[in-house]
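Observations on chain architecture
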Amino acid sequence: MEHEIEGGDVLRGKIFTHENIDHLVLTKGRDDVPRQQHLSTGEVAEVPVDVEEWQVIESSFVSFLDFGNVFGFMRSAGTSPSPQAVAKWINESGVFEEKLIAEPVIDREKWERVRKAGGVSRLEIAGPTSLAPRLSGGPVEQLAALGGVGEFRFEIKLTAERSKKRSREERNKLLRMVDFLCQNVGLGELEKAKAQVFDEEGNNSEDGAVDLLKQRFSQQCSVDVTGSGSVRSITELSAFDAIMTVSKEFREDLASSVGAEFLP
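Attention in this report is confined to the structure presented alongside it.

Structural notes on the overall build of the protein chain
Regarding its fold elements, the protein chain presents five helices and 13 strands. A burial count over the protein chain gives 36% of its 264 residues as buried. Restricting the contact set of the protein chain to residue pairs at least 6 apart, pairs at least 24 apart contribute 59%. Per element, the accessible surface of the protein chain, about 17,000 Å² overall, is 47% carbon and sulfur.

Structure (structure tokens):
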């Protein structure tokens, strides 16, 4: 099924059934043709493609788990369809009346550590200025004027005052800012989000800053490729095998983080 989503990308979805489970393969066409290089001469040439009936694509592999509206996700390249594009493609299909959004599942224990602390003494965030309008209402409201200019990148560092009289109030404000970012921006779109945790005794945490983006559930793993020599690629089978292996490892923690129950 083919849909054009916001931004102009045309995405094609195809069901791939593996181990009696239906998965989704989402693809989009590449703007350029891949190039190849001769191993002996160093000569470079375009990879031949039948442009009348075939298209060079980039793929994302989506495996829906059996609890909590959670899916496992793998990209064949950094420019393959994003998790947010998965939600947009589903919205265009008209399966649900309400519009869906995709956000990373965050390790609940890490968030509880931030929320139960005595506040946040330093908060660092970074992202494209296209997100700036969604930061309005906070201490970075002035960035909203740049929101229509997406080619810039903002980076903000907010530090609580060291004065004992005012520092607790300011740390609490930064702690509320952490919740604000999640609700109004979404950690999945930021490039940086770090918070320095403060304990109840008024000391910075010995563990240093909590990298909120790295608390999402992700794992590097080996993925089988098919073919020989330089002509190799990731297949649907190998991609979904890898996703299912990782999701089984995180199954209990994932369910806990989204407040869902599952059958063992």
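Looking at the sheet that holds strand β6 (residues 57-64)
On the basis of which strands lie adjacent, the open sheet formed by five strands has the order β1-β2-β3-β6-β7 and antiparallel pairing. A single partner strand is all that each edge strand has here, and the edge strands are β1 (2-4) and β7 (71-75). Each neighbouring strand pair of the sheet contributes to a mean axis angle of 25°, computed without reference to strand direction. In the packing of helix α4 (residues 236-249) onto the sheet, contacts are made with β2 (10-18), β3 (21-29), β6 and β7, and the angle to β6 comes to roughly 40°.

Structural notes on the pairing of β7
In β7, alternate side chains face the same way, and those of Gly72 and Met74 are buried while those of Phe71, Phe73 and Arg75 on the opposite face are not. With five bridges joining them, β6 and β7 adopt antiparallel strand pairing. Across the sheet, residue Ser63 finds its bridge partner in β7, namely Gly72. Counted between consecutive antiparallel strands, the loop separating β6 from β7 contains six residues, among which Gly68 sits at a positive phi close to 65°.

Here's the deal with the environment of Leu11
Relative to the assigned elements, Leu11 resides in strand β2. Linking Leu11 and Thr27, residues 16 residues apart in sequence, is a C-alpha distance of 5.6 Å. Setting aside chain neighbours within four positions, we find Leu11 in contact with Met1, Glu2, His3, Ile5, Leu26, Thr27, Lys28, Pro81, Ala85 and Trp89.

Details of the nonpolar core
Counting 13 residues, the largest nonpolar core has Val120, Leu123, Val178, Ala195 and Leu212 as its most contacted members. Of all the secondary structure elements, the ones that give two or more residues to this core are β8 (120-128), α3 (164-184) and β10 (192-198). Among the elements that take part in this core, α3 stands out by supplying four residues, more than any other. If you look at the next biggest cluster of nonpolar residues, it comprises nine residues, including Leu11, Leu24, Val62 and Ile90.

Quick notes on the side chain of His3
Summarising the element assignment, His3 is placed in strand β1. Owing to a relative accessible area of 15%, His3 belongs among the buried residues under this scheme. If near-sequence neighbours (up to four positions away) are discounted, His3 is found in contact with Asp9, Val10, Leu11, Trp89, Glu92 and Ser93.

Thresholds applied
Residues numbered from 1 in each chain as written. Predicted model: local features only at pLDDT ≥ 70, side-chain atom pairs only at ≥ 80, totals over all residues. Heavy atoms only, no water. Helix = DSSP H or I, 4+ residues; strand = E, 2+ residues; numbered from the N terminus. Buried < 20%, exposed > 50% of the residue type's maximum accessible area, 1.4 Å probe, protein only. Contact = heavy atoms within 4.5 Å. Areas by Shrake-Rupley, 256 points an atom, 1.4 Å probe, with all protein chains shown as cover. Pairing = 2+ DSSP bridges. Axes fitted to C-alpha atoms, helices over the stretch in contact; angles between N-to-C directions. Core = buried A, V, L, I, M, F, W, Y, C linked by side-chain atoms within 4.5 Å.

Interpretation note: all reported values are geometric properties and have no functional meaning in isolation.
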